[in-house]
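One-letter residues, chain by chain:
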Amino acid sequence: MPILNPAVEAMPRSELLELQNERLQIVVNQAYSNVDFYRKKFDEAGLNPDDIKTREDLAKIPFTTRKDLMDNYPYGMFAVPLRDVVRLQFPLGLHGNPIVIGYTREDLKIWRELVARIMVAIGINEHDIIQVAFNYGLFMGAIRFNQSAELIGAAVVPTSIASAEIQIRILRDFRSTVLASTPSFALHIMETMKQKAIDPRTLALKIGLLGAEPWPENVRKALEENLGIKAYDIYGVMELVEPGVSGECQERAGLHIFEDHFLPEIIEPRTGRNLEPGQEGELVLTTLTTSAYPLLRYRTSDMTSLLTDPCACGRTMARMSRVLKRSDHMLSI
C-alpha cells in the first residue's frame, strides 16, 4: 500500500518512541520558557522541565483544558513572537470566550503533509479530482484539504457550501473522484440524487473523505451502498489542528495517529487516570512539533481507545478507534 513518508510512518516503534522522547523534551522546554501559562503551571506543581524526560513522565504535567485557552485569549498561549505567526484562526460556534490559534510557516508545512499522508493512505493520487464541499469560511480545515491535495498533485474543486444540486452537477460534469465533506452533507447529496433519480454509476466518484463530526458505521454503509464509494474517516481537534491528527488507511482498522507530531494518552475522564491500550477513555494530546502554539496534555473531550498492534498497511503508528461520543455535553446540530 502507498505511504507518503515511509521513513516516518513505517518507522520501527522503538525508534518512534525515542523520537517522541526527544521531541517531548524540546516542546516542554519551549512551553516553559516562552508561555507564561505553562511556566506558572509547572511552578505551582513544583515541576522543572528537566523532570520530563520520557513519555512516562507526562503524568506529572497538569492537564490543559479549553477553558485555559479561553482564559489566555488572545495571544497568551503563543510561544513565538507575533511577527513569526503567519496565520491566525479561531474556532466559531462554541460557548464562552473565543480562542486564537497561531501557525508559523513551519507549522503550516507540517499540517499540509499530515493531511496529504491521509490522502495517500486511502488511495488518492495525482490522477484524482477532489471536490471539497466544506465551508471555507468557518471550517479551518477546508483550505488545508486544498493545500494537501496540491502537495500530492491531485486536482481540487473547491465547491464549499454550494447546494446539493450544484454539488451533484459538478460531480458529474467535472468527473470528481473524491468527495471531501461532512458525512451529514454527503448523506444530503445522496438523498438528493435519489430524489432526482440520478444513478451513482454515472459518476466517477470512488472515495469519500469525511470528517468534522461523528458518524457511525451504519452511515458509512449507507453512503457506500448508495454512492458506490469507499468512505474513510479523518480526525482533527478544533483547538489544535483540524483535520490532520489522525486518519484511516485502506484497511479501516482504526485511525492512524501521527505520533511523530502528537503524543496521545487515554485517560479516565473523572479521575484523570491513564488507561491501558484497548480501554475506552478521553483522548489527551501533547503536541511535539508545534512552534507557535504548543499544547501539553490537552484534554480533547473525545472518547476513544488506542490500538498499538501492527496494521496490515505497514504503518507502525498507534491507531485510535473512531470517535462517536464525548466526555462533555457538547452537541453538534
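Scroll up to find the structure.
Remember, it's a predicted structure, so these values are computed and weren't measured experimentally.

1. Points about the sheet that holds strand 5 (residues 178–181)
Working step 1: With mixed pairing, the 9 strands of this open sheet are ordered in space as 4-3-5-6-7-8-9-14-13. Here the strands that pair on one side only, and so sit at the sheet edges, are strand 4 (155–157) and strand 13 (306–307).
Working step 2: Judged from the 4 bridges that link them, strand 5 and strand 6 (residues 207–211) form a sheet pairing that is parallel. The partner of V178 across the bridge, within strand 6, is I207.
Working step 3: Helix 7 (residues 164–174) rests against strand 3 (129–132) and strand 4 of the sheet, and its axis sits at about 170° to strand 3.

2. Re the state of the cysteines
Working step 1: The tally for this structure, following the rule as stated, stands at 0 disulfides.
Working step 2: With no disulfide of its own, C311 lies 3.5 Å from the sulfur of C313, the closest cysteine sulfur.
Working step 3: The exposure class of C313 is buried, given its relative accessible area of 6%.

3. Examining the packing of aromatic side chains
Working step 1: This structure, assessed with the given rule, holds 6 aromatic pairs.
Working step 2: Each ring, one from F37 and one from Y38, has its centre 5.0 Å from the other, and the planes form 70°; the classification is edge-to-face. Judged on exposure class, the residue F37 and its partner Y38 are both buried.
Working step 3: Where Y75 meets F78, the ring centres are 5.3 Å apart and the plane angle is 45°; that geometry is what we call tilted.
Working step 4: With relative accessibility at 38%, the residue Y75 sits in the partly exposed group.
Working step 5: F78 sits in the buried class, given a relative accessible area of 6%.
Working step 6: When the ring centre of F63 is taken as origin, the NZ or CZ atom of R299, which lies over that ring, is 5.3 Å away.
Working step 7: In this structure, R322 packs its charged tip against the face of W215, placed 4.2 Å from the ring centre.

4. Notes on the packing of helix 8 (residues 183–195) against helix 9 (residues 217–227)
Working step 1: Between helix 8 and helix 9, the least distance of the axes is 10 Å, while the angle of their chain directions is 35°. By crossing handedness, the relation of helix 8 to helix 9 is classed as left-handed. On helix 9, the residues touching P183, A186, L187, M190, M193 and K194 of helix 8 are V219, A222, L223, N226 and L227.
Working step 2: The class makeup of the residues in the contact of helix 8 with helix 9 is 9 nonpolar, 1 polar and 1 charged.

5. Considerations on the pattern of salt bridges
Working step 1: Counted by the stated rule, this structure contains 20 salt bridges.
Working step 2: With a shortest N-O distance of 2.9 Å, R117 and E113 are connected by a salt bridge. Of this pair, R117 and E113 are both found in helix 5 (residues 105–121), 4 residues apart, which corresponds to roughly one turn of the helix.
Working step 3: With relative accessibility at 1%, the residue R117 sits in the buried group.
Working step 4: Note that D233 is salt-bridged to R322, the shortest N-O span being 2.9 Å. Taken as a pair, D233 in strand 7 (residues 230–237) and R322 in the loop between strand 14 (319–320) and strand 15 (325–326) lie far apart in primary sequence, 89 residues in all.

6. Some words on the sheet that holds strand 12 (residues 298–304)
Working step 1: As summarised here, the arrangement of the 4 strands in space is 10-11-12-15, forming an open sheet in which the pairing is antiparallel. Bordering the open sheet on either side are strand 10 (262–267) and strand 15, each of which pairs with just one other strand.
Working step 2: Against the sheet, helix 2 (residues 13–34) makes contact with strand 10 and strand 11 (281–287), and its axis sits at roughly 90° relative to strand 10, the strand it touches most.

Reading the values: the criteria
- Residues numbered from 1 in each chain as written.
- Predicted model: local features only at pLDDT ≥ 70, side-chain atom pairs only at ≥ 80, totals over all residues.
- Heavy atoms only, no water.
- Pairing = 2+ DSSP bridges.
- Helix = DSSP H or I, 4+ residues; strand = E, 2+ residues; numbered from the N terminus.
- Contact = heavy atoms within 4.5 Å.
- Axes fitted to C-alpha atoms, helices over the stretch in contact; angles between N-to-C directions.
- Disulfide = S-S within 2.5 Å.
- Buried < 20%, exposed > 50% of the residue type's maximum accessible area, 1.4 Å probe, protein only.
- Phe/Tyr/Trp six-rings, centres within 6.5 Å; stacked < 30°, edge-to-face > 60°.
- Lys NZ or Arg CZ within 6 Å of the ring centre and 35° of its normal.
- Left-handed = near helix turned anticlockwise from the far one by under 90°.
- Nonpolar A, V, L, I, M, F, W, Y, C, P; charged D, E, K, R; others polar.
- Salt bridge = Lys/Arg side-chain N within 4 Å of Asp/Glu carboxyl O.

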